[in-house]
Amino acid sequence: MRLQARPALPTFPWIPAISATPKSILAAILSVACVLPLTLDLPAAAAIPAAAKDKKPKADPALKGLPITELSADEAILHALNRLAYGPRPGDVERVRQMGLAKWIEQQLNPNSIDDRAVDARLADYPTLRLSTAKLIDEYPQPRQAEKQAEKKALAQAQQQQRRSDAAAAVVEKDMQNAQGRPANSEAAAVTSVSAPQPAADNSNAPAPMKQQAPGNAATNGAGRRGVLGGGDPNNVPRAIADDSKRPPRIVAELSMAKVTRAIYSERQLQQVMDDFWFNHFNVFAGKGEDRYYLTSYERDVIEPRAFGKFKDLVTATAKSPAMLFYLDNFLSADPRAAQRQAAQRAARQQWRRGRFGWPPPPAANPQQAKKNERGLNENYGRELMELHTLGVDGGYTQKDVTEVARCFTGWTIDKPRQYADFKFDDRLHDPDPKIVLGKKIHAGGMKDGEQVIDLLAHHPSTAKFISTKLARRFVSDNPPPALVTRMAQTFQSSDGDIRAVLKTMIWSPEFWSRESYHAKIKTPFELVISAVRALGTDVDTAMPLVQWVGRIGEPLYQCQPPTGYSDKADAWVNTGALLNRLNYSLALAGNKMRGARSDVPSLLGVDSSADPKTALDRAVQVFLGGQAGATTVETLEKQLDNPQVLQAKLDDPRKQVDLGVVAGLVLGAPEFQRR
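Every value quoted in this text rests on a predicted model; they were computed, and no experiment measured them.

Calculation rules
- Residues numbered from 1 in each chain as written.
- Predicted model: local features only at pLDDT ≥ 70, side-chain atom pairs only at ≥ 80, totals over all residues.
- Heavy atoms only, no water.
- Helix = DSSP H or I, 4+ residues; strand = E, 2+ residues; numbered from the N terminus.
- Buried < 20%, exposed > 50% of the residue type's maximum accessible area, 1.4 Å probe, protein only.
- Contact = heavy atoms within 4.5 Å.
- Areas by Shrake-Rupley, 256 points an atom, 1.4 Å probe, with all protein chains shown as cover.
- Core = buried A, V, L, I, M, F, W, Y, C linked by side-chain atoms within 4.5 Å.
- Expected span 1.5 Å × (residues − 1).
- Axes fitted to C-alpha atoms, helices over the stretch in contact; angles between N-to-C directions.
- Parallel < 35°, antiparallel > 145°, perpendicular 65-115°, else oblique.
- Left-handed = near helix turned anticlockwise from the far one by under 90°.
- Salt bridge = Lys/Arg side-chain N within 4 Å of Asp/Glu carboxyl O.
- Pairing = 2+ DSSP bridges.
- Phe/Tyr/Trp six-rings, centres within 6.5 Å; stacked < 30°, edge-to-face > 60°.
- Lys NZ or Arg CZ within 6 Å of the ring centre and 35° of its normal.
- Polar contact = N/O pair within 3.5 Å; in protein donor to acceptor, adjacent residues only side chain to side chain.
- Nonpolar A, V, L, I, M, F, W, Y, C, P; charged D, E, K, R; others polar.
- pLDDT = per-residue confidence, 0-100.
- Lys, Arg positive; Asp, Glu negative; His and termini not counted.

1. Quick look at the overall build of the protein
Then step 1. Check the secondary structure of the protein and you find 31 helices and 6 strands.
Then step 2. Taken across its 676 residues, the protein has 48% of its residues classed as buried.
Then step 3. Long-range pairs, those at least 24 residues apart, make up 72% of the contacts in the protein with a sequence separation of at least 6.
Then step 4. By element, 53% of the accessible surface of the protein is carried by carbon and sulfur atoms, the whole surface being about 32200 Å².

Have a look at this one:
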């Protein structure tokens, strides 16, 4: 996009004017409107007179049972759909109104009560979602492993063919001997065996099995480790899924496409939001070694079943998950004295055997080799468990506590990490001595040391405050009201960390439904991509272009390397490059320029609106923004209605047809849609 300086626009005296194209104008508005008024009320809120704010509106039956006094029924329903779901689809507001907002929320808090078979049918396209870790490792091997398996398979086939040839030759020899009146003997059999073709492994003229490669699409050969989720044109087919690839990147690709599919089509919307929240809270990076194989089970078997349960159970499950054990290296952590103990025990056993049977003494051990084989204490998990998973950075722990917690989790490891990767407690690696964590003595013994630490941390007041703050930041505002956080923390403690109970305290609070919370959050790239698809009612045949757009805007799925996860605050997502990509995405989606996605904008705005650009704009604002667009946004959009990109005609053509896709894309790129 090329910007051309001109006299300043009257609506934006603080920035220079730019060439009047829809992309450039809206990108400029988007940057200014998203960055500057983060602490200001939206025009819709500012326009409400003070007297109207003081006057209690008449209660709407759709809002019965909820502490809503500052929002209208439509605003409250939109607010719920934007916070507890990934935005409304066409018809959702009316559907929730007829059901009653409180009933809809109760259903979302109890996702198993909602029939979601329709989205399950869509997920059938992703076979890796149903496989165990062992199956994923076996069926989607690393390239070297694939070569070894191909070599082993070729050798087995050659040996099987050899056995068949030997058997056939033996039968022929026997028949010939019988025909000549001579019995078969071992010498003849030996001759037959020698003269028969040899297996490929022993035949210098046969092609080496390891040199043979299975045929496949050239696009998938040499696929990069992170090439699935980012870079280039989102409409291009990534190498990992260009054909029926059996390479590891396909596992993460299918996880990402499934995440997008669920967010768009699942009726259990709050379940999807909470799954995303907890995965981000207990983040694991897909790009680290074997974790690409472990993530499927981690999300399916650890996060999802416990998203509304007891927090302690969720922490325990993540601590035992091979994905977390591998990501934060706890599977390598051991008592530094463990090797010495094991060596002493082996020496004692050998001494006993040699003394009993009179054997000579064993050779002296190589001290350098012994030191090389020693495993030490790894504090990564102990630190992140307290700082990121439970207490928070200001939770009152010390470096000494980090070391003591790490000692408690020695021996928590992975059994056969490259075969089936199950959790295993290895008592030989565990530190058996007492530990002191947060002033409490930990000496339950063995694996119970770690479980005792989890129990201590899960019930600590700092954990209640930290988790309540993160939930309130995700659902209410970047700086949630302290009084609300306090009440949520009290519920957390009184309910033994019941996540559903904490959510109910938050949702049934006046602060959640306040005017200050309404449209107070900036959408993350994932939330924007999904909410735009839902707003347009787009039919998505393949989710990969959407996955790639999420990465292009700045949030590649399963690719957050630090254990902090992605930020949930506006300043992480508001920058010029990302905002321009948001606008480009909206225009591509609404204009049907995205592979595998079809939007029917005329059915939403009305076919008759294509004859009048002002009518088209008004309807787009009503449909996608609930009629609430700032005066600046509307004024700037109206100035673009004569642009050739909006009107599908030459400037001198008396008959003009409005491109409704462009109008819809511009409105979806407006600052108001970037908020939820």
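2. Regarding the nonpolar core
Then step 1. Ranked by internal contacts, the top residues of the largest apolar core, which has 152 residues, are Leu101, Met274, Trp278, Phe475 and Trp513.
Then step 2. Sorting elements by how many residues they give to this core places helix H11 (residues 249-265) first, with 10 residues.
Then step 3. Beyond its immediate stretch of four places on either side in the chain, phenylalanine 475 contacts Arg83, Leu84, Leu270, Val273, Met274, Leu503, Met506 and Phe512.

3. What about the environment of leucine 503?
Then step 1. Relative to the elements of secondary structure, leucine 503 occurs in helix H23 (residues 499-507).
Then step 2. Here leucine 503 falls in the buried class, since its relative accessible area comes to 1%.
Then step 3. Between the C-alpha atom of leucine 503 and that of phenylalanine 492, which follows or precedes it by 11 residues, the distance is 9.5 Å.
Then step 4. Residues in contact with leucine 503, not counting those within four places in the same chain, are Leu109, Met274, Phe308, Leu471 and Phe475.

4. Here's the deal with H11
Then step 1. Its 17 residues place the ends of H11 24 Å apart at the C-alpha level, agreeing with the 24 Å of an ideal helix rising 1.5 Å per residue.
Then step 2. Here H11 lies mainly inside the structure; 16 of its 17 residues are buried.

5. As for the packing of H11 against helix H24 (residues 525-536)
Then step 1. It is at 9 Å that the axes of H11 and H24 come closest, and there the two elements cross at 50°. On the basis of their axis angle, the class for H11 and H24 is oblique. For H11 against H24, the interelement crossing comes out right-handed. When H11 is examined against H24, the residues Lys259, Val260, Ala263 and Ile264 are found in contact with a partner set consisting of Phe526, Ile530, Val533 and Arg534.

6. Notes on the pattern of salt bridges
Then step 1. For the structure shown, the criterion picks out 36 salt bridges.
Then step 2. Put simply, aspartate 92 and arginine 95 hold a salt bridge, and the shortest N to O gap is 3.3 Å. Of this pair, aspartate 92 and arginine 95 both sit in helix H5 (residues 92-99), separated by 3 residues, roughly a single helical turn.
Then step 3. Of the residues examined, arginine 95 reaches a relative accessible area of 33% and is grouped as partly exposed.

7. Here we look at the environment of tyrosine 293
Then step 1. Within the element layout of this structure, tyrosine 293 appears in helix H13 (residues 291-303).
Then step 2. The sequence separation of tyrosine 293 and alanine 134 amounts to 159 residues, and the corresponding C-alpha distance is 8.5 Å.

8. Side note on the pairing of strand S2 (residues 422-425)
Then step 1. Relative to S2, strand S1 (residues 412-415) runs antiparallel, the two being bridged by 4 bridges. Looking at S2, one finds that aspartate 415 is bridged to aspartate 422.
Then step 2. In textbook terms, the turn of a hairpin is the stretch between consecutive antiparallel strands, and for S1 and S2 this stretch comprises 6 residues, one of which, lysine 416, has a positive phi near 55°.

9. Focus: the packing of aromatic side chains
Then step 1. On inspection of all chains with the given rule, the structure shows 16 aromatic pairs.
Then step 2. An aromatic cluster is present here, built from Phe277, Trp278, Phe282, Phe311 and Phe492 joined pairwise through their rings.
Then step 3. The ring of phenylalanine 326 is capped by lysine 288, whose NZ or CZ atom sits 5.9 Å from the centre of that ring.
Then step 4. For arginine 552, the ring lying beneath its charged end belongs to tryptophan 549, and the centroid distance is 4.9 Å.

10. What about unusual backbone geometry?
Then step 1. With a phi angle near 65°, aspartate 329 is a residue other than glycine that sits in the positive phi range.
Then step 2. Inspection of the secondary structure assignment puts aspartate 329 in the loop between helix H15 (322-327) and helix H16 (338-357).
Then step 3. Not every positive phi belongs to a glycine, and histidine 519 is a case in point at roughly 60°.
Then step 4. Following the sequence through the fold, histidine 519 ends up in the loop between H23 and H24.
Then step 5. The exposure class of histidine 519 is buried, given its relative accessible area of 10%.

11. Quick notes on the environment of aspartate 642
Then step 1. Inspection of the secondary structure assignment puts aspartate 642 in the loop between helix H29 (631-639) and helix H30 (660-668).
Then step 2. The exposure class assigned to aspartate 642 is exposed, which follows from its relative accessible area of 61%.
Then step 3. Remark: the alpha-carbon pair of aspartate 642 and proline 613, spanning 29 residues in sequence, is separated by 8.1 Å.

12. Thoughts on the side chain of threonine 390
Then step 1. Inspection of the secondary structure assignment puts threonine 390 in the loop between helix H18 (380-389) and helix H19 (399-408).
Then step 2. Using a relative accessible area of 1% as the deciding quantity, one classes threonine 390 as buried.
Then step 3. There is a polar contact of 2.7 Å between the side chain of threonine 390 and the backbone oxygen of leucine 385.
Then step 4. If we ignore the near neighbours within four places in the chain, the residues touching threonine 390 are Phe311, Val315, Leu385, Leu457, Ser462, Thr463 and Phe466.

13. Some thoughts on the packing of helix H21 (residues 461-475) against H23
Then step 1. Direction vectors running N to C along H21 and H23 enclose 50°, while the axes themselves pass 11 Å from each other. Classified by the interaxial angle, the pair formed by H21 and H23 is oblique. Two packed elements cross with a definite hand, and for H21 against H23 that hand is right-handed. Residues Ser468, Leu471, Ala472 and Phe475 of H21 touch H23, and the partners they reach there are Val502, Leu503 and Met506.
Then step 2. Each residue belonging to the contact of H21 with H23 can be placed in one class, and the counts come to 6 nonpolar, 1 polar and no charged.

14. Things to note about the confidence of the model for the protein
Then step 1. Looking at the protein as a whole, its pLDDT mean stands at 81, while 72% of the residues score no less than 70.
Then step 2. Counting contacts from residues 38-53, a segment whose pLDDT is below 50, to residues more than four positions away or on other chains yields 13 contacts.

15. Some thoughts on the side chain of glutamate 555
Then step 1. With respect to the secondary-structure elements, glutamate 555 resides in the loop between helix H25 (544-553) and helix H26 (576-590).
Then step 2. At 7.1 Å, arginine 582 is the nearest oppositely charged side chain to glutamate 555, a buried residue that forms no salt bridge.
Then step 3. In this structure, glutamate 555 is in contact with Thr524, Pro525, Phe526, Val550, Tyr566 and Trp573, ignoring residues within four places of it in sequence.

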